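Listed here are the chains, written in short residue letters.
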Amino acid sequence: MSQKVIPVADLRHLQSLPTIPAVFEAPTGLLGDMLGRPLRDLRISVTDRCNFRCVYCMPKQVFDKDYAYLPHSALLSFEEILRIAQIFVAHGVEKIRLTGGEPLLRKNLERLIEQLARLETPEGRPLDLTLTTNGALLAKKAQSLKDAGLKRVTVSLDSLDDATFKRMNDVDFPVSDVLNGIDVAHTVGLGPIKVNMVVKGGMNDQEILPMARHFKGSPFILRFIEYMDVGASNGWKMDEVIPSGEVVRRISAEMPLIEVAANYTGETAGRWRYADGSGEVGMISSVTQAFCHNCTRARLSTEGKLYTCLFARSGHDLRALLRNGHSDADIAGAVSHLWRARGDRYSELRTAQTDVTTPEAPRVEMSYIGG
Ligand code: SAM
Ligand code: SF4
Ligand code: SF4
């Protein structure tokens, strides 16, 4: 009999009210944290709901019909998201990624994209505005997303084999619809498109080679993500992680790969190109080769809490500041105070731990703060 997994605590309620410093300078775009890392990326979760139940993210036993999703009134409105985004851009954010849950489930998302697409960095450059999706609604929405000003998309796809994919998404969703979504997005110009495959040992690692063969020589960049211990409900075990080194070894045995330098500091994926010149693949080694030292990312939850690390146990309630009538200058001051105090480097510490299977306390879910 399968056992119901119940999260130890609902961590969405753990929060703190950000401090607004008495004296603060206007944003300069040069904010650094305690480890000297600038603030460059903002991931915004626009919904905590999803039409998939990926076993590593929103397992059905937890995210069932009784799960308490956020009520609409708790969600940040588009106006609130835009205000926060503007403040972050003034602080140096150059890239905004919309995520979730499944971002394409948020009604009228194009309206938000239209407004975000108008933002510019202090130097007058447009933002790198992108979105991560499971692809289910992509074919239908690609054109309107492009028209609204979205630059590109990243699509998650864990297998080319229907039986394996359906076992992973757990809602019987077929591979062909995701592939079609990728093609339509490419046709309308939402590229370069990256395809993310989470590799879970014993579940879809036999799909590493078929996925590599399929995307080799295509316009799409396939990236392999190590299965991570995010959240408190996926029952993560270290022995289900297939290290990126092993993925490279398996692909190289058939299609030799050569390591390439990163495009920019802080790039999450290690880059490898095929020796025969037919494109490249990425390796996101979040578990075996942590990249915290270059982590320039902040995350905004669906209800407006700021997380300075994917593995944080509590968020900072920016929505309370917005709804309590604080000015942009106050909120900018609170954000700089928080970022300056940031010392998060969870994955590097986990890598150094001897027993990685027993994190000391549960963490907030990925579907809530976005991947
Ligand atoms: N629903 C969208 C999607 O799946 O692309 C966006 C949100 S999802 C949380 C963002 C990314 O996180 C996806 O690429 C997903 O595969 C990845 N992800 C979720 N849980 C993960 C885990 N435990 N380990 C590694 N990656 C994970
Ligand atoms: Fe949904 Fe994305 Fe999580 Fe899968 S990974 S359950 S598609 S939010
Ligand atoms: Fe960034 Fe935290 Fe991930 Fe390290 S563990 S890379 S600090 S989000």
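Procedures and definitions
Residues numbered from 1 in each chain as written. Chains lettered and ligands numbered in written order. Predicted model: local features only at pLDDT ≥ 70, side-chain atom pairs only at ≥ 80, totals over all residues. Heavy atoms only, no water. Helix = DSSP H or I, 4+ residues; strand = E, 2+ residues; numbered from the N terminus. Rg over C-alpha atoms; globule rule 2.2 N^0.38 Å. Buried < 20%, exposed > 50% of the residue type's maximum accessible area, 1.4 Å probe, protein only. Contact = heavy atoms within 4.5 Å. Areas by Shrake-Rupley, 256 points an atom, 1.4 Å probe, with all protein chains shown as cover. Lys, Arg positive; Asp, Glu negative; His and termini not counted. Charge placed at Lys NZ, Arg CZ, Asp CG, Glu CD. Phe/Tyr/Trp six-rings, centres within 6.5 Å; stacked < 30°, edge-to-face > 60°. Lys NZ or Arg CZ within 6 Å of the ring centre and 35° of its normal. Salt bridge = Lys/Arg side-chain N within 4 Å of Asp/Glu carboxyl O. Near = heavy atom within 4 Å. Nonpolar A, V, L, I, M, F, W, Y, C, P; charged D, E, K, R; others polar. Core = buried A, V, L, I, M, F, W, Y, C linked by side-chain atoms within 4.5 Å.

Colleague: What is the right way to look at the overall build of the protein in this model?
Modeller: What the protein contains, in helices and strands, is 11 helices and 13 strands. A compact globule built from 371 residues should have a C-alpha radius of gyration of about 21 Å, and the protein, at 20 Å, falls within 12% of that. With respect to the three principal axes, the spread of C-alpha positions in the protein is 60 × 50 × 40 Å. Each of the 371 residues in the protein was classed as buried or not, and the buried ones make up 55%. Of all intrachain contacts in the protein linking residues separated by at least 6 positions in sequence, the fraction that spans at least 24 positions is 75%. Working note: accessible area of the protein is about 15,600 Å², and carbon and sulfur atoms make up 54% of it. When the 45 positive and 45 negative side-chain charges of the protein are each reduced to one mean point, those points stand 2 Å apart.

Colleague: How should the packing of aromatic side chains be read in this particular structure?
Modeller: Each pair of aromatic rings is reported with the distance of its centres and the angle of its planes. This structure, assessed with the given rule, holds six aromatic pairs. Relative to F165, the ring of F52 has its centre 6.2 Å away and its plane inclined at 75°; by these criteria the two rings are edge-to-face. Taken as a pair, F52 in the loop between β2 (41–45) and α1 (78–90) and F165 in helix α4 (residues 162–169) lie far apart in primary sequence, 113 residues in all. The buried category is assigned to F52, whose relative accessible area is 3%. For F165, a relative accessible area of 2% gives the class buried. Arranged with centres 6.3 Å apart and planes meeting at 80°, the rings of F215 and F220 form a pair that is edge-to-face. Comparing F215 with F220, the two get one shared label, buried. The structure contains a cluster of three or more aromatic residues connected by ring pairs, namely F52, F165 and F173. Across from the ring centre of Y274, 5.1 Å away, lies the NZ or CZ of K216, which sits over that ring.

Colleague: Please explain the pattern of salt bridges as it appears in this structure.
Modeller: Note on pairing: side chains with opposite charge can pair once their charged atoms come close. Counted under the stated rule, the structure contains 22 salt bridges. K305 is the partner of E303 in a salt bridge, and the nearest nitrogen-oxygen pair spans 3.2 Å. This pair shows no difference in class: E303 is buried, exactly as K305 is.

Colleague: I tried to follow the site of ligand 2 on my own but got confused; where do I start?
Modeller: The local shell around ligand 2 consists of C50, F52, C54, C57, M58, G101 and N134. Classifying every residue of the shell around ligand 2 by side-chain character gives five nonpolar, two polar and no charged.

Colleague: Explain the nonpolar core to me, please; I cannot follow it from the model alone.
Modeller: For soluble globular proteins, nonpolar side chains are generally found buried alongside one another. If you look at the biggest cluster of nonpolar residues, it comprises 113 residues, and the most contacted ones within it are F88, I96, L98, F224 and I251. Examining the composition of this core, we find that eight residues originate from one element, α1, more than from any other. If we skip the residues at most four places from it in the chain, I96 touches L42, I44, A85, V89, L116, L127, D128, L129 and T130.

No statement about biological role is implied by the geometric values presented.
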